[in-house]
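Secondary and tertiary structure notes
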Amino acid sequence: MAFFAVIFLSVVGGILAGDHFHSFMVGFSLATVAVGCCYWLSFRHTKYPQLALLLLISGFAVKLGITVFGVMWSLERELITSPFVFALSYLFFSLVATYGYFKYREFWNKRMEAVKAKLQTT
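What you are looking at is a predicted structure, and each value in this text was computed from that prediction instead of being measured.

1. With respect to the nonpolar core
Among the nonpolar cores identified, the biggest contains 11 residues, and these are Ala17, Phe24, Val26, Leu30, Ala31, Ala34, Ile80, Val85, Phe86, Tyr90 and Phe93. Only α2 (21-42) and α4 (83-121) provide two or more residues apiece to this core. Not counting residues up to four positions away in its chain, the partners in contact with Phe86 are Ser23, Val26, Gly27, Leu30, Val71 and Ile80.

2. Comments concerning the UniProt feature "transmembrane region" (unreviewed entry) in the chain
The feature "transmembrane region" (unreviewed entry), as annotated in UniProt, sits at residues 23-41, 53-73 and 79-102 in this numbering. Secondary structure content for residues 53-73 is 100% helix and 0% strand, while the C-alpha to C-alpha distance between its ends is 30 Å. Summarising residues 79-102: 83% helix, 0% strand, and an end-to-end C-alpha distance of 30 Å.

3. Things to note about a nonpolar patch on the surface
Nonpolar side chains collect at one region of the surface, where Phe3, Phe4, Ile7, Val11 and Ile15 lie side by side and expose about 560 Å² of accessible area between them. By secondary structure assignment, the location of Phe3 is in helix α1 (residues 2-16).

So, how was this worked out
Residues numbered from 1 in each chain as written. Predicted model: local features only at pLDDT ≥ 70, side-chain atom pairs only at ≥ 80, totals over all residues. Heavy atoms only, no water. Core = buried A, V, L, I, M, F, W, Y, C linked by side-chain atoms within 4.5 Å. Buried < 20%, exposed > 50% of the residue type's maximum accessible area, 1.4 Å probe, protein only. Helix = DSSP H or I, 4+ residues; strand = E, 2+ residues; numbered from the N terminus. Contact = heavy atoms within 4.5 Å. UniProt positions renumbered as here; feature names shortened; annotations may be inferred. Patch = residues over 30% accessible without salt bridge, like charges linked within 9 Å, V, L, I, M, F, W, Y side chains within 5 Å. Areas by Shrake-Rupley, 256 points an atom, 1.4 Å probe, with all protein chains shown as cover. Salt bridge = Lys/Arg side-chain N within 4 Å of Asp/Glu carboxyl O.

Following this line, the structure appears as structure tokens:
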């Protein structure tokens with residue numbers, strides 16, 4: 001159900017931002033790339049739990065760097081025509097991408113537990 005709500009809101013947002021579609025797409029792409037890189041870096045499995053804070057800080061720095069670089073690059077090429085549409089799109093898709101990555105991780109963990117349980121019973 002949540003998946004269909006996200007798809008519906010994304011399509012409606014894209015339609016409403018028709019005049020500023022480039023700003024909408026820049027917000028979408030920057031948010032998904034930045035959150036994806038942050039997620040990939042922050043939630044890595046490590047043998048040393050002492051590295052957890054360092055990985056979180058590194059993920060935050062990468063997310064901030066990608067966002068700043070992307071906004072500067074987009075403004076230089078005049079892709080962001082409406083800062084308001086860009087900001088709303090970036091905020092919405094940051095939340096959606098974060099939700100999606102955590103749901104994916106939850107799905108993957110359940111699947112791995114099922115495989116481990118199956119291997120232990122055989």
